[in-house]
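Fold and geometry: a report
One-letter residues, chain by chain:
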Amino acid sequence: MSCVVGLDFTGANWIWTPERPAGGSYPAGNVTFRRDFTATNGKVPISANILITTDNAYTLYVDGKQVGSGNTFTSAHRYCVPLVNSCNVFAVAAQNTLASPAGLLAAFQIRYSDGFVDTIVTDGEWHAVSGTPAGFQQCAFDDSLWSAAFVEGPYPTTAPWNQPQFAITIPPESQNPGPSLQSAQWIWTNELTAPGSNVPAGSRAFRKTVLTPNNELVVQAKFLIATDNAFTIYVNGLLVGSGESFTVANRYVVNFPPTSRVVIAIYATNDAGPAGVFAAFDLVTCDCSDDVSFVTDGSWKYNLQTPAGFIDPNFDDSAWPLAVTEGSSGASPWGPTAVPAANSPQSPAARGAPNAPPADVVA
């Protein structure tokens with residue numbers, strides 16, 4: 001098991017029923033597949049990310065509920081399904097629409113409450129039967145007399161699906177383009193006499209606590225940040241990195257255990273002249289909910305000092321005042337902020353900024 005979030009068909013096999021004839025084609029008809037899943041060692045499953053295709057057609061069920069269907073095997077589909085902390089069953093009603101090769105190909109990434117994931121793929125552990133028995137999709141259904149699925153071969157080397165004309169299109173993991181600075185505000189402290197005005201040199205502390213809607217669990221933060229003049233940023237008390245540009249943002253991706261509370265702390269330094277913090281964040285959920293987005297704005301809190309322990313997620317900032325906004329993307333005196341394509345790596349704290357254990361930063 002690992003904390004990897006990407007899911008593809010690596011390790012998955014094309015499977016069907018055991019009675020494959022010598023010619024390699026199956027008769028037209030329906031075949032049903034089941035795979036029970038029960039978490040072990042006290043782990044609590046949260047959700048399953050699913051990638052699936054079938055030659056020729058399928059309907060997918062999880063715990064008795066229909067999730068989706070498809071009828072073009074060259075186009076895979078992705079689904080995200082919440083799981084319960086008990087027996088879970090993945091079931092597929094598949095169809096070969098005419099006498100021809102037939103196969104089911106799928107991968108299931110199980111997310112746990114401790115942040116780890118496990119992967120189930122189509123293989124000989126699945127049960128298969130010709131036809132579509134009533135109630136097959138329910139957890140309580142007894143498939144003990146079904147045969148083990150016949151493994152036709154691994155993806156992507158098994159014929160006939162290894163031929164160029166049968167290449168499978170795999171959709172992207174997310175349709176979310178990621179954080180955007182378009183709605184973010186430059187922010188600073190009450191030392192401002194006007195937006196973008198000169199302020200005293202020195203370091204200031206900023207904090208933002210995000211409680212997700214309906215206690216949705218998030219496992220990753222994607223964000224862009226630029227400052228005039230320098231920053232060190234922390235997520236849930238862990239050190240992400242530092243930067244010193246307001247013309248080009250730093251891009252970060254940070255993984256953490258599932259939580260419904262995320263605390264961002266920023267140590268920001270002004271060398272002289274105008275000062276500001278400018279950032280946008282997306283929190284990625286693991287329970288199939290929509291991602292949570294927020295930006296720097298007047299809801300952030302600041303302190304004119306950098307109090308000891310302010311990066312701690314449990315630090316009490318209730319007496320801190322709200323940040324002062326200075327303008328949106330492109331505001332004077334900063335102008336446009338360029339956004340890099342590549343992620344920034346984890347890096348040390350800037351001089352004077354608190355040290356902390358490193359965050360799990362995806363470079």
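For the structure itself, consult the block above.
It should be emphasised that the depicted structure is a prediction, and the values quoted were computed from it without experimental measurement.

Let us now look at the state of the cysteines. Here the structure, examined in full by the defined rule, presents 1 disulfide. One disulfide in the model links Cys 80 with Cys 288; its S-S distance is 2.1 Å. Between Cys 80 and Cys 288, the S-S dihedral sits near -80 degrees, and the bridge is therefore left-handed. Taken together, the positions of Cys 80 in strand S6 (residues 77-82) and Cys 288 in the loop between strand S20 (276-285) and strand S21 (292-295) put the pair 208 residues apart, joining distant regions of the chain. Judged by its relative accessible area of 28%, Cys 288 is partly exposed. The cysteine Cys 139 is free of any disulfide, with Cys 87 supplying the nearest cysteine sulfur at 4.2 Å.

Take the sheet that holds strand S4 (residues 57-62) next. The sheet built from 6 strands is open, its strands ordered S5-S4-S7-S2-S10-S11 with antiparallel pairing. Since the sheet does not close on itself, it has two edges, and those belong to strand S5 (65-70) and strand S11 (147-148), each with one partner. Note: strand S2 (residues 29-37) against strand S10 (residues 127-130), 4 bridges, orientation antiparallel. Residue pairing for S10: Phe 33 is matched across the bridge by Ala 128.

Another aspect to go through is the layout of surface pockets. If a probe the size of a water molecule is rolled over the atoms, the empty space left behind becomes visible. Here the largest pocket is characterised by a volume of approximately 860 Å³. Surrounding the largest pocket, 35 residues form its lining, Glu 173, Ser 174, Lys 222, Val 284 and Asp 291 being those nearest its centre. Taken together, the elements giving at least two residues each to the lining of the largest pocket come down to strand S3 (45-55), S6, strand S15 (218-228), strand S18 (250-259) and S20. With 5 residues, S15 is the single largest residue contributor to the lining of the largest pocket. Partitioning the lining of the largest pocket into residue classes produces 17 nonpolar, 10 polar and 8 charged.

Parameters and conventions
- Residues numbered from 1 in each chain as written.
- Predicted model: local features only at pLDDT ≥ 70, side-chain atom pairs only at ≥ 80, totals over all residues.
- Heavy atoms only, no water.
- Disulfide = S-S within 2.5 Å.
- Helix = DSSP H or I, 4+ residues; strand = E, 2+ residues; numbered from the N terminus.
- Buried < 20%, exposed > 50% of the residue type's maximum accessible area, 1.4 Å probe, protein only.
- Pairing = 2+ DSSP bridges.
- 1 Å grid on protein atoms, 1.4 Å probe; cavity = no way out; pocket = protein on both sides within 12 Å on 5 of 7 lines; lining within 4 Å.
- Points joined across faces, edges and corners; volume = space filled by probe spheres on them.
- Nonpolar A, V, L, I, M, F, W, Y, C, P; charged D, E, K, R; others polar.

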